[in-house]
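# Summary of the model geometry
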Amino acid sequence: MPNKLPAKEAITTWFQGLQDRICHSLEDMDGTGKFIEDRWQRPAGGGGRSRVIQGKVIEKGGVNFSAVHGEMPAKISEKLGLPPSHFYATGVSIVLHPISPMVPIIHMNVRYFQTEQTSPGGKTVWWFGGGIDLTPHYVVAEDARFFHRHLKDVCDRHDPAFYPEFKVWADDYFFLKHRRETRGIGGIFFDHLNEKRGLDKKTAFRFVQDVGEIFAPVYTHLALKNKDLAFGETEKEWQAIRRSRYVEFNLLWDRGTKFGLDTDGRTESILMSMPPQAQWFYNYQTRPGSREEETLKWLRKGVDWINYGL
């Protein structure tokens with residue numbers, strides 16, 4: 001009889017533990033901020049734990065866990081090419097907006113999705129997905145290289161083909177089509193990791209676990225390295241502009257936002273990723289030769305951050 005473990009219950013429990021570990025690490029890094037937890041229930045099935053922090057390094061950060069289930073909305077079934085089914089989705093989603101414009105915004109999502117067909121004898125379909133990307137207000141090549149090297153190390157432990165494929169996927173996914181610029185310096189993005197990729201559930205889960213565990217040490221390093229750098233009004237204004245691009249991406253293009261709203265998810269948790277403040281200036285132009293102009297030059301697909309400057 002084939003081994004069907006890890007079951008969705010075991011996966012769910014691990015995601016809860018990941019949320020706990022990341023929250024503890026971020027509290028230690030921030031020094032003063034403590035997470036406030038908001039437990040919620042989804043009327044149609046399931047619920048979650050939304051945790052938000054405001055401190056001296058993180059202005060607004062959220063580390064959310066959810067495990068929801070119910071009838072798959074028809075338009076999502078059609079988009080996925082699946083018959084009517086029940087779905088089960090669980091995972092951890094994180095967005096951190098720092099106080100200092102010299103510290104980057106970061107996002108991570110790791111998730112498990114399962115559908116069970118409602119017809120007699122219907123089969124179960126499962127997959128893992130996720131991603132982690134960095135959005136510096138000011139792009140620093142050294143930090144970008146550090147970030148991507150750690151992601152590549154995680155990927156290479158599982159399959160050397162993962163990083164180049166998932167980096168391109170991130171470049172394409174975290175892209176503001178209406179502005180023709182990437183959200184930041186990318187990272188990795190992956191979806192539908194299952195038997196069709198030649199992965200059994202245990203192998204796919206192990207990769208997602210390693211991606212999840214790399215989040216805290218990588219971001220802690222970048223935050224502590226940059227949090228005490230000097231900045232002024234110009235840098236804060238630029239931070240507000242880059243935050244506005246973050247808002248645009250999440251509301252216009254992010255699939256997770258759309259899925260949450262389409263499945264009657266908890267709006268407050270779904271929109272946790274929004275920054276506390278952002279600004280839109282009409283026809284904003286950077287000054288020639290400024291650090292802001294230099295950052296805009298980096299917001300493009302295909303930068304080889306691993307080897308840049310070597």
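Note that the structure is predicted; figures quoted are calculated from it, not measured.

### What to know about the overall build of the chain
When its secondary structure is counted, the chain shows 9 helices and 9 strands. For 310 residues, the compact-globule formula gives about 19 Å, and the C-alpha radius of gyration of the chain, at 19 Å, lands near that figure. Its C-alpha atoms put the chain at 65 × 40 × 40 Å along the principal axes. Residue pairs at least 24 apart in sequence account for 71% of intrachain contacts in the chain once pairs closer than 6 positions are excluded. Surface accessibility of the chain: about 14500 Å² in total, with carbon and sulfur atoms responsible for 53%. One finds the centroid of the 42 positive side-chain charges in the chain at a distance of 2 Å from the centroid of its 39 negative side-chain charges.

### Comments concerning empty space enclosed by the protein
One pass over the structure, following the stated rule, counts 2 cavities of 30 Å³ or more. As a volume, the largest cavity reaches approximately 70 Å³. What lines the largest cavity is Met-102, Pro-104, Leu-134, Pro-136, His-137, Tyr-138, Val-139, Val-140, Asp-143, Ala-144, Ile-185 and Asn-226. Classifying every residue of the lining of the largest cavity by side-chain character gives 9 nonpolar, 2 polar and 1 charged. Surrounding the second largest cavity, Lys-167, Asp-171, Thr-182, Gly-184, Ile-185, Gly-186, Trp-298, Arg-300, Lys-301, Gly-302, Val-303 and Trp-305 form its lining.

### Side note on the pairing of strand E5 (residues 105–117)
For a regular strand, side chains alternate in direction, first toward one face of the sheet and then toward the other. Counting buried positions along E5 gives 10 out of 13 residues, so the element sits mostly inside the fold. Bridging between strand E4 (residues 85–98) and E5 involves 12 bridges; their strand directions are antiparallel. Note on E5: the bridge partner recorded for Ile-94 is Met-108. Sheet topology note: the E5/strand E6 (residues 124–135) ladder contains 12 bridges and is antiparallel. Note that in E6 the partner of Ile-106 across the bridge is Leu-134.

### Re the pattern of salt bridges
Pairs can form between side chains of opposite charge whenever their charged atoms are close. Applying the stated criterion across every chain yields a total of 21 salt bridges. Arg-21 is paired through a salt bridge with Glu-213; the nearest N and O atoms lie 2.8 Å apart. Separated by 192 residues along the polypeptide, Arg-21 in helix H1 (residues 8–30) and Glu-213 in helix H5 (residues 201–226) bring together distant segments of the chain. Exposure remark for Arg-21: the relative accessible area of 35% places this residue in the partly exposed category. In this structure, Glu-165 and Arg-197 form a salt bridge, with 3.0 Å as the shortest nitrogen-oxygen distance. Within this pair, whereas Glu-165 is found in helix H4 (residues 162–173), its partner Arg-197 is found in the loop between strand E9 (187–193) and H5, the two being separated by 32 residues in sequence. Classification of Glu-165 by relative accessible area gives partly exposed; the value is 33%.

Cut-offs and rules
Residues numbered from 1 in each chain as written. Predicted model: local features only at pLDDT ≥ 70, side-chain atom pairs only at ≥ 80, totals over all residues. Heavy atoms only, no water. Helix = DSSP H or I, 4+ residues; strand = E, 2+ residues; numbered from the N terminus. Rg over C-alpha atoms; globule rule 2.2 N^0.38 Å. Contact = heavy atoms within 4.5 Å. Areas by Shrake-Rupley, 256 points an atom, 1.4 Å probe, with all protein chains shown as cover. Lys, Arg positive; Asp, Glu negative; His and termini not counted. Charge placed at Lys NZ, Arg CZ, Asp CG, Glu CD. 1 Å grid on protein atoms, 1.4 Å probe; cavity = no way out; pocket = protein on both sides within 12 Å on 5 of 7 lines; lining within 4 Å. Points joined across faces, edges and corners; volume = space filled by probe spheres on them. Nonpolar A, V, L, I, M, F, W, Y, C, P; charged D, E, K, R; others polar. Buried < 20%, exposed > 50% of the residue type's maximum accessible area, 1.4 Å probe, protein only. Pairing = 2+ DSSP bridges. Salt bridge = Lys/Arg side-chain N within 4 Å of Asp/Glu carboxyl O.

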